[in-house]
Amino acid sequence: MNEDVPHPSLALDETVHQRVRLGILAVLSEASECTFAVLRDELDLTDGNLSRHLRVLEEAGLLEIRKGYEGRRPCTWLRLTAKGRAALRDEVAALERLVARLRPRG
Amino acid sequence: MTTESPEQVLTEVRRLRRRSKARAHGGVWLPVAVLAGLLLLSIALYTSPFRAPHEMTVAVPFWAGLPSEQRDPTLSYAFWFVGTPAAFALIAAWYRWRVRRVGVRVGWHWALAAGLVALVALAVLAAVPVELPRDVPLGTLTADQPSLGSVLLDGVRTPLLPLAVATVVLGVAEGSRALVAAGGWVALVAYVQCTIGVAGVFAVLDGSRPSSFARYDTRPGPLVLAMAAPLVLFAATRAVRAPFRSGAR
């Protein structure tokens, strides 16, 4: 192994790598916007748990939260920021490098 | 995921993205079917879409879409300038309904906005006073050829381009390279046919100088079918293959 190349695990971002938060970014990456309810059901979380993780990601500037209405019902819309998309891309790339490094050599 | 191996984490991320993609883009088939339908309906605007007439009178701009004799230029104009916004309204209603049902939004409004801007630009461009060639009976085609500038301008003065623009931007919004290519194909065929004609391309390939009259050689019916084919295929494939099944995990 090349000692000059930093270990891929060092490229993993603590904010993004957390299980639920990585799931949130993955779901949001394929759409312009997604409702809170869809994300909650998709990741099988409680309202409180999801809100806590969303706050962390919002504070890190990785997603935007917009309150609005869908018809007459109040609705919370979530959108990934450009920084959030880049963070997910970097995380996936780091994971792929890590998998390649851990794979047994033939 | 922190207790899972990196490989398991990656697999889970990919699964979530796949599901999210199917949910977000599962409704693209209907807008594409509407655009393809509008394109195919335009065949009815030509007096002789499939058979070569003995004589024809062609009005510029080509309000039917392609250079050929139209049943009525006013009808062609109304078809595109009423039909395109009507088709866009239908697409907007579909996406709004889907957002309420699925809870995921894609950037469809950019596609419709781009299509409408292109339609308005076409109206403005057509209103600019330019010296247009007179309607020319095919029997007297030995008349002077129109200038290169006016022929190249004819390529963008077709109501097929706003439809192509909307399709390309919709492809970007829906993350589909195939749809971007299908929209590009419509634009390419429309532009080529309205300038030197598909027959003119073969003349260029043969090494000879194309005449602007070559654009009247190919009948519009088969060309419209060729333009619409990728859209129809795309819509049919997506309608069958990718409806979002909320219970599928």
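None of these values were measured; they are calculated from a predicted model.

**Quick word on helix H3 (residues 73-102) of chain B**
All names here are of chain B.
- The first and last C-alpha atoms of H3 sit 42 Å apart over 30 residues, in line with the 44 Å expected at 1.5 Å per residue.
- When the local axis directions of H3 are compared, the greatest deviation, roughly 25 degrees, occurs at glycine 83, which is followed within four positions by the proline proline 85.
- Structurally, the start of H3 carries an N-cap: the backbone nitrogen of threonine 74 is 3.1 Å from a side-chain oxygen of aspartate 72.
- Following H3 by one or two positions, glycine 103 adopts a phi angle in the positive range, close to 80 degrees.

**Side note on the packing of aromatic side chains**
- Counted according to the given criterion, the structure contains seven aromatic pairs over all chains.
- With 5.6 Å between their ring centres and 5 degrees between their planes, B:Tyr95 and B:Trp108 make a pair best called stacked. Here B:Trp108 lies in helix H4 (residues 108-127) and B:Tyr95 lies in helix H3, a separation of 13 residues in the sequence.
- Cluster of aromatic residues (ring-pair linked, three or more members): B:Trp29, B:Trp94 and B:Trp97.
- The lysine or arginine in question, B:Arg105, covers the ring of A:Trp77, its NZ or CZ lying 4.1 Å from the ring centre.

**Overview of the interface of chain A and chain B**
- Each partner contributes residues to the interface: chain A has 28 residues there, and chain B has 25 residues.
- When chain A packs against chain B, close to 2300 Å² is buried across both sides, 60% of that on carbon and sulfur atoms.
- Counting the surface chain A buries against chain B, the share from its top three residues, A:Arg19, A:Glu30 and A:Glu42, is 27%.
- There are five salt bridges connecting chain A and chain B.
- Across the pair A:Glu42 and B:Arg23 runs a salt bridge whose closest N-O atoms are separated by 2.8 Å.
- For the pair chain A and chain B, the number of links is 11 residue pairs in polar contact (both at pLDDT 80 or more).
- Among the elements of the structure, helix H2 (19-28), strand E1 (33-35), helix H3 (36-43), strand E2 (63-70) and helix H5 (82-102) of chain A are those that each provide at least two residues to the side of chain A that touches chain B.

**Overview of the nonpolar core**
- Counting residues in each nonpolar core, the largest one holds 86 residues, and the members touching the most others are A:Ile24, A:Leu39 and B:Met227.
- Examining the composition of this core, we find that 10 residues originate from one element, H3(B), more than from any other.
- The contact partners of B:Met227, leaving out residues within four places of it in the chain, are B:Leu39, B:Leu66, B:Leu160, B:Trp185, B:Val186, B:Val189 and B:Ala190.

**Comments concerning the packing of H2(A) against helix H4 (residues 47-59) of chain A**
Residue and element names in this part refer to chain A.
- Where H2 contacts H4, the two axes come as close as 10 Å, and the packing angle between them is 75 degrees. Between H2 and H4, the crossing angle belongs to the class labelled roughly perpendicular. Seen from H2, the contacting residues are Val20, Arg21, Ile24 and Leu25; seen from H4, they are Leu50, His53, Leu54, Val56 and Leu57.
- Residue composition of the contact of H2 with H4, by class: seven nonpolar, one polar and one charged.

**Quick notes on the pattern of salt bridges**
- The tally for this structure, following the rule as stated, stands at 10 salt bridges over all chains.
- The salt bridge partner of B:Arg14 is A:Glu96, with a shortest N-O separation of 3.0 Å. One end of the pair, B:Arg14, is in helix H1 (residues 6-25); the other, A:Glu96, is in helix H5, on a second chain.
- If you follow the salt bridges from partner to partner, you end up with A:Glu33, A:Arg66, A:Arg79 and B:Arg105 in one network.

What counts as what
Residues numbered from 1 in each chain as written. Chains lettered and ligands numbered in written order. Predicted model: local features only at pLDDT ≥ 70, side-chain atom pairs only at ≥ 80, totals over all residues. Heavy atoms only, no water. Helix = DSSP H or I, 4+ residues; strand = E, 2+ residues; numbered from the N terminus. Expected span 1.5 Å × (residues − 1). Bend = angle between axes of the 7 residues up to and from the residue. Polar contact = N/O pair within 3.5 Å; in protein donor to acceptor, adjacent residues only side chain to side chain. Phe/Tyr/Trp six-rings, centres within 6.5 Å; stacked < 30°, edge-to-face > 60°. Lys NZ or Arg CZ within 6 Å of the ring centre and 35° of its normal. Contact = heavy atoms within 4.5 Å. Buried area = accessible area lost by both parts, 1.4 Å probe. Salt bridge = Lys/Arg side-chain N within 4 Å of Asp/Glu carboxyl O. Core = buried A, V, L, I, M, F, W, Y, C linked by side-chain atoms within 4.5 Å. Buried < 20%, exposed > 50% of the residue type's maximum accessible area, 1.4 Å probe, protein only. Axes fitted to C-alpha atoms, helices over the stretch in contact; angles between N-to-C directions. Parallel < 35°, antiparallel > 145°, perpendicular 65-115°, else oblique. Nonpolar A, V, L, I, M, F, W, Y, C, P; charged D, E, K, R; others polar.

Keep in mind that these numbers describe shape and distance, not what the molecule does.
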